[in-house]
Amino acid sequence: MLRVARRWTAALLFASALVAPALAQEKVLRIAMTAADIPRTHGQPDQGFEGNRFTGIPMYDSLTQWDLSKADAPSVLIPGLATEWAVDPADPKKWIFKLRPGVKFHDGSAFDAEAVVWNVRKVLDRDAPHFDPSQVGVTASRMPTLRSARAIDPLTVELTTSEPDSFLPYNLTNLFMASPAHWQKLYDAVPADVTDPKERAKRAWAEFAANPSGTGPFKGVRLVPRERFEMVKNPDYWDERRRPKIDRVVLLPMPEANARTAAILGGQVDWIEAPAPDAIPAMQARGFVLYQNPQPHVWPWQFSFLEGSPWRDIRVRHAANLCIDREELKQLLGGLMGVPKGTVPPGHPWWGNPSFDIRFDLAEARRLMKEAGYSEAKPLKVKVLTSASGSGQMQPVLMNEWLQQALKACWFDVALEVIEWNALFTTWREGANHPNARGANAINVTFAAMDPFFAMVRFVTKGAFPPNSNNWGFFNTEEMEELVRAARTSFDAAARDAALARLHKRIVEEAPFLWVAHDVGPRMLSPKIKNVVQPRSWFIDIAPMDLAG
């Protein structure tokens, strides 16, 4: 306890240096993130979905968005900047989106169909003057079939996909709308002696990040990389229900759990992500409030299927899933996790009743390992890449060290390599065969499971092989391709759910992951923060919240 107290004291001094006193006349909300840096602010955040949560959703809108207003039901897709959408009955590769009238960007320019076309081109059209390579990886991999956009009239836009894709409306929650007029103004202001168009565009985007313009409920006003980002309320936001009551939001990167704990106990912040489990009683004793809710979220190891990987043997994959006592891990985490049976839980429309039961069965795990040729005298060496913190990573070092010990019982000799979160996230898109994988045959990156593409498709198809998307381990079979095709081309919801249930069943049976936990999104908040809704989502909406005096 003395060492923990000392760490909190040191971390508190560090946090104090980061956080300036709040202005008394303002309602200021200060948030300590798990990220080591401020997520990008130009409209396509990095730092995983923590970026979407804190610099995406507050400042920007997408055509479709998640309903974050309920704590007692799963988040569902709702209209955002689009009021309605439908696939073209004459061509299932075309979608028609009707846009919301009267919406303005923060700089005062109008949102319209041409703005949608511009935002699609910023990440898909290399010939566009405003194309930004830095935004491609965190966007195109999340909407892999989108190919182009065309304005039909000021409030109607046509989106074209490479193949019929019923998942597109879900994918579009990740394409945030930045202001074309504001970007152009910044581009025109680049000094005339910078003549290379690509360099001019790069500088314009850098200026845009420092002075962003979206359509969201908050406006970005101050960026200090690796230190802080500040947003102020947008009193003219188009959705009256989400017009902010909080005047200013301050985001602070604090990747170390003890630093976050010290910051909230010392009054330096009002909200911390992923509190250290052993510090929760002390925080609650001081009146802070723990929020949690089951999330569509998976905390896994994702296996490599490259030639020579030991995970190519299904007996080894099944053994790993049977070797760990997840209830013990849950106790270690103070109860702040869900015990998985797959990517989605039993009872979910996509469950599918797999024949492989994910459970703790040490005897069966050892039998499978013996059958695969391993024993205490001949352990299986595996290497896993993880991070020290990050979006949805929960308590990655603690959890991976627990796994390292637990898997010894089944003769796994686990080597862990811890790298910075954003580097890990980049490696996830580069693939197991990339030099940055450092010879690892498994990677620990958590993932959202709220829509079909994020939950399943991006991990089992050839089209999702790196660098296109997140099939890091190059797992694929023709059966998976057929199952995905059936789901992707089902525009009827019931038929699509049935197809996705068949897909999930086979994924669990093939076990391309070690399913370790489902997150519950724990965060500790000051009791002065009111109107908090912790949804069953990776995300949370700051806009409706308020601060007591």
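Refer to the structure presented above.
Rules behind the numbers
Residues numbered from 1 in each chain as written. Predicted model: local features only at pLDDT ≥ 70, side-chain atom pairs only at ≥ 80, totals over all residues. Heavy atoms only, no water. Buried < 20%, exposed > 50% of the residue type's maximum accessible area, 1.4 Å probe, protein only. Helix = DSSP H or I, 4+ residues; strand = E, 2+ residues; numbered from the N terminus. Pairing = 2+ DSSP bridges. Polar contact = N/O pair within 3.5 Å; in protein donor to acceptor, adjacent residues only side chain to side chain. Contact = heavy atoms within 4.5 Å. Disulfide = S-S within 2.5 Å. Axes fitted to C-alpha atoms, helices over the stretch in contact; angles between N-to-C directions.

> Go over the pairing of strand β10 (residues 248-253) with me, naming the residues and quoting the values.
Among the 6 residues in β10, 6 count as buried, and that is most of the element. Bridge count for strand β1 (residues 28-33) against β10 is 6 bridges, and the pairing is parallel. By the bridge assignment, Met33 is partnered in β10 with Pro253. Pairing analysis gives 4 bridges linking strand β9 (residues 228-233) to β10, with the strands arranged antiparallel. Residue Glu230 lies in a different strand from β10, and its bridge partner there is Val250.

> Please provide a residue-by-residue account of the side chain of Arg53, values included.
Looking at where Arg53 falls in the secondary structure, it is placed in helix α2 (residues 48-56). At 2.6 Å, the side chain of Arg53 forms a polar contact with the side chain of Glu273. Within the structure, Arg53 has its side chain in polar contact with the backbone oxygen of Trp538 (distance 3.1 Å). Discounting residues that sit within four places of it in the chain, Arg53 has contacts with Pro58, Glu273, Ser391, Arg523, Trp538, Phe539 and Ile540.

> I'd like to hear about the state of the cysteines, residue by residue, with values.
A complete count under the given rule lists 1 disulfide for this structure. Each sulfur of the disulfide joining Cys323 and Cys410 lies 2.1 Å from the other. Looking along the S-S bond of the Cys323-Cys410 disulfide, the torsion reads about 105°, which is the right-handed sense. Highlighted residues: Cys323 in helix α10 (residues 314-323) and Cys410 in the loop between α13 (396-406) and β15 (412-419), separated in sequence by 87 residues. We classify Cys323 as buried; its relative accessible area is 3%. Under the relative-accessibility criterion, Cys410 is labelled buried at 0%.

> I'd like a description of the sheet that holds β1, backed by residues and values.
In space, the 7 strands of this open sheet follow the order β8-β9-β10-β1-β11-β19-β12, with mixed pairing throughout. Strands at the two margins of the open sheet, each flanked by one partner only, are β8 (218-224) and β12 (289-291). On average, each strand axis in the sheet is tilted by 20° relative to the strand beside it, whichever way the strands run. In the sheet, strand β11 (residues 271-273) pairs with strand β19 (residues 523-525) via 3 bridges, with the strands oriented antiparallel. Directly across from Trp271, in β19, lies its bridge partner Leu525.

> Would you mind going over the pairing of strand β5 (residues 91-99) in detail, with residue names and values included?
Bridge count for strand β4 (residues 82-88) against β5 is 6 bridges, and the pairing is antiparallel. Bridging from a neighbouring strand, Trp85 pairs with Phe97 of β5. Taking the residues that link successive antiparallel strands as the turn, the β4-β5 hairpin has 2 residues. By the bridge criterion, 5 bridges tie β5 to strand β7 (residues 156-161) in an arrangement that is antiparallel. Of the residues in β7, the one forming a bridge with Lys94 is Thr160.

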